[in-house]
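Structure at a glance
Here is what each chain is made of, one letter per residue.
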Amino acid sequence: MAAVPDMETPLDVPLLAVDDLQVSFFTRRGVVQAVRGASFTLDRGQTIGLVGESGSGKSVTSRAVMGLIELPGRIVAGDIRWKGKSLLGKDGHAYSDRIRGKEISIIFQDPMTSLNPLMKIGDQIGEVLGHHLGMDRSSADKRAVELLDLVGISFPRQRVKQYPYEFSGGMNQRVAIAMALASEPELLIADEPTTALDVTIQAQILELLQQLQTDLGLAVLLITHDLGVVAGLCQRLAVMYAGRIVETGQAEEIYSDPGHPYAWGLIGSTPRLDVVVPKLVSIAGAPPDLIRPPVGCAYAPRCPLAVELCEQVSPELIEHLPHRKVACHRAFDIRTVGAPVAAGS
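Throughout what follows, the structure given in this document is the object of discussion. (Residues numbered from 1 in each chain as written. Predicted model: local features only at pLDDT ≥ 70, side-chain atom pairs only at ≥ 80, totals over all residues. Heavy atoms only, no water.)

Helix and strand counts for the chain come out as 13 helices and 12 strands. Here the chain has a C-alpha radius of gyration of 21 Å; the compact-globule value for 345 residues is 20 Å, and the two agree. Principal axes of the C-alpha set define a box for the chain whose edges measure 65 × 50 × 45 Å. Buried residues in the chain amount to 47% of all 345 residues. Looking at the chain alone, contacts between residues at least 24 apart form 66% of all its contacts between residues at least 6 apart. Averaging the coordinates of the 32 positive side-chain charges in the chain and doing the same for the 39 negative ones gives two points 4 Å apart. (Helix = DSSP H or I, 4+ residues; strand = E, 2+ residues; numbered from the N terminus. Rg over C-alpha atoms; globule rule 2.2 N^0.38 Å. Buried < 20%, exposed > 50% of the residue type's maximum accessible area, 1.4 Å probe, protein only. Contact = heavy atoms within 4.5 Å. Lys, Arg positive; Asp, Glu negative; His and termini not counted. Charge placed at Lys NZ, Arg CZ, Asp CG, Glu CD.)

So, in structure tokens, the structure goes:
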């Protein structure tokens, strides 16, 4: 069933707006500033890729949207708005309980850990249908079969009676997608949905997500470290580094003309079939310690284009070109200086 737009919400209001989100984890070693002011918007029917290497804050951002930040973590500042209305604060709790899990669903990284090994597949899907849509057992069983068929699992009437251990990794991921779709959401968050799968199954899952997005009119937030994953799926990209968004724009434009040296490094370290290189390249250095984040640009110690200003002043995410925002004092200088040289190239 296609997502039905909320006619009470103006069409010019973003479906999801994350505004200066800050999430910290209070540990014995100190306060880990996992997300340090992330901002982006997502419109109806749109697909955005939130990309960056491990530890950049992508999954923490998605969990904050879903209300899944647990102690010792806490949202310390910023706002998350759904159709213009805040999901945070005293007035947002009752509202967010109705939204998260129903209008906003999530697919987690590893289906083998997100599915209950002691429950049959049909019962797990039926539990979602009963909780969010109020379906009785008979209706939920029938809908579970339809959902398995929707995500491309053969013999769904037999499969609903099986357990997760009887399925392959790819099939379990399809079950996880079916569960996420059970509540008929308007936004689907896919957190590294192909991480534990082989390349062939990855392609099938991505093709399935693209088909579902088109058929159901879903908005999709795709979390990944792999730029190859988002290449044919996302209209827009938000590049994240050290807890901050460092570049946003149309996917094709960022691929062809990255404005931030980190975005260039990610693209340059992605293997390509049409270019033969003696060995893979990588970005020099390592991400900063977010217990003690640097004063200036967090990427400066790894950036071959960095100047003194980069180490002293943290750049703001501002518009440098129409619909292109970059947080870099030397945005687009790659054009004149040349491509950054990666370690080992």
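Moving on from the model shown.
Let us now look at the pattern of salt bridges. This model, assessed by the stated rule, comprises 13 salt bridges. When the shortest N-O distance is used, the salt bridge between arginine 81 and aspartate 19 registers 3.7 Å. With arginine 81 in strand β4 (residues 73-82) and aspartate 19 in strand β1 (residues 16-26), this pair connects stretches of sequence that are 62 residues apart. The partly exposed category is assigned to arginine 81, whose relative accessible area is 27%. In this structure, the salt-bridge partner of aspartate 79 is arginine 81, at a minimum N-O distance of 3.8 Å. Taking the relative accessible area as the measure of exposure, aspartate 79 reaches 18% and is therefore buried. Salt bridges linked by common partners bring Asp19, Asp79 and Arg81 together as one network. (Salt bridge = Lys/Arg side-chain N within 4 Å of Asp/Glu carboxyl O.)

Right, let's get into helix α5 (residues 137-150). Taking 1.5 Å per residue, 14 residues should reach 20 Å; α5 reaches 20 Å between its end C-alpha atoms and fits that length. Burial in α5 covers these residues: Ala140, Arg143, Ala144, Val145, Leu147 and Leu148. Residues of α5 that are buried in the fold lie against α4 (121-133), α6 (156-159) and α7 (169-181). Glycine 152 sits one or two residues past α5 and shows a positive phi near 85 degrees. (Expected span 1.5 Å × (residues − 1).)

To continue, consider the pairing of strand β8 (residues 219-224). Counting buried residues along β8, six of its six residues qualify, which places the element largely inside the surrounding structure. The alternating pattern of β8 places Ala219, Leu221 and Ile223 on one face and Val220, Leu222 and Thr224 on the opposite face, and all of these are buried. As judged from the five bridges shared by strand β3 (residues 47-51) and β8, these two strands associate in the parallel manner. Note that in β8 the partner of isoleucine 48 across the bridge is leucine 221. In this structure, strand β7 (residues 187-191) lies alongside β8, joined through five bridges in parallel fashion. Across the sheet, the residue bridging to isoleucine 189 is leucine 221, located in β8. (Pairing = 2+ DSSP bridges.)

What links the strands of a sheet is backbone hydrogen bonding, and the strands pair in either a parallel or an antiparallel sense. Ordered in space as β2-β1-β4-β5, the four strands form an open sheet in which the pairing is antiparallel. Unpaired on one side and paired on the other, β2 (31-42) and β5 (85-86) mark the two borders of the sheet. Bridge count between β1 and β4: eight bridges; the pairing is antiparallel. Counted as the bridge partner of phenylalanine 25 is glycine 73 from β4. Against the sheet, helix α1 (residues 58-65) makes contact with β1, β2 and β4, and its axis sits at roughly 110 degrees relative to β1, the strand it touches most. (Axes fitted to C-alpha atoms, helices over the stretch in contact; angles between N-to-C directions.)

The subject of this paragraph is the pairing of strand β9 (residues 236-241). With six of its six residues buried, β9 lies for the most part within the structure. Burial along β9 is two-sided: Arg236, Ala238 and Met240 facing one way and Leu237, Val239 and Tyr241 facing the other are all buried. Looking at chain direction, β3 and β9 are connected through four bridges and run parallel. Paired with glycine 49 across the bridge in β9 is leucine 237. Bridging between β9 and strand β10 (residues 244-250) involves six bridges; their strand directions are antiparallel. In the strand pairing of β10, methionine 240 is matched with isoleucine 245. Here β9 folds back onto β10 in antiparallel fashion, the turn holding two residues, of which alanine 242 has a positive phi close to 50 degrees.

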